[in-house]
Amino acid sequence: MLQQNQGMVTYADSGGTIQMYYEKLPDTGWTVGLAMPEQELYAPLKGLLRSILLVSCAGLILTVAAVYLYVQPLYYP
């Protein structure tokens, strides 16, 4: 961490896996870091993934139903 000016470090803690992002400030020479549990960091992405999957499944079902209803009169006139 001290050898690079910026980056990310992942480490295990008693609370789980922690991701830490850091960057060295050029004016002061200080290194500022932010550490967050992975569970908390990725929680919004899991909700978004769930929503995308739901909408995709609903769209697939509607598409299959529409194709079935469209093709039905062609095969059974």
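Asker: How would you explain the confidence of the model for the chain if you had to name every residue and give the values?
Answerer: Here the chain averages 91 in pLDDT, while 97% of its residues score no lower than 70. Mean pLDDT in the chain bottoms out at strand S1 (residues 6-13), which sits at 91, and peaks at helix H1 (residues 38-75), which reaches 94.

Asker: Please set out the sheet that holds strand S2 (residues 16-24) residue by residue, giving values where relevant.
Answerer: Strands sit in the order S1-S2-S3 across an open sheet of three strands; the sheet is antiparallel. Strands at the two margins of the open sheet, each flanked by one partner only, are S1 and strand S3 (31-37). Between one strand axis and the next, the sheet turns through 20° on average, direction left out of account. Bridge analysis of S2 against S3 gives seven bridges, and the strand direction is antiparallel. For Tyr 21, the partnering residue across the bridge sits in S3 and is Leu 34.

Asker: Could you give an account of a nonpolar patch on the surface, naming the residues involved and the relevant values?
Answerer: Residues Met 8, Tyr 21, Tyr 42, Leu 45, Leu 48 and Ile 52 make up a contiguous nonpolar surface patch of about 570 Å² in total accessible area. Element by element, the count of residues in the nonpolar patch is highest for H1, at four residues. Checked against the element boundaries, Ile 52 lands in helix H1.

Definitions and limits used
- Residues numbered from 1 in each chain as written.
- Predicted model: local features only at pLDDT ≥ 70, side-chain atom pairs only at ≥ 80, totals over all residues.
- Heavy atoms only, no water.
- pLDDT = per-residue confidence, 0-100.
- Helix = DSSP H or I, 4+ residues; strand = E, 2+ residues; numbered from the N terminus.
- Pairing = 2+ DSSP bridges.
- Axes fitted to C-alpha atoms, helices over the stretch in contact; angles between N-to-C directions.
- Patch = residues over 30% accessible without salt bridge, like charges linked within 9 Å, V, L, I, M, F, W, Y side chains within 5 Å.
- Areas by Shrake-Rupley, 256 points an atom, 1.4 Å probe, with all protein chains shown as cover.
- Salt bridge = Lys/Arg side-chain N within 4 Å of Asp/Glu carboxyl O.

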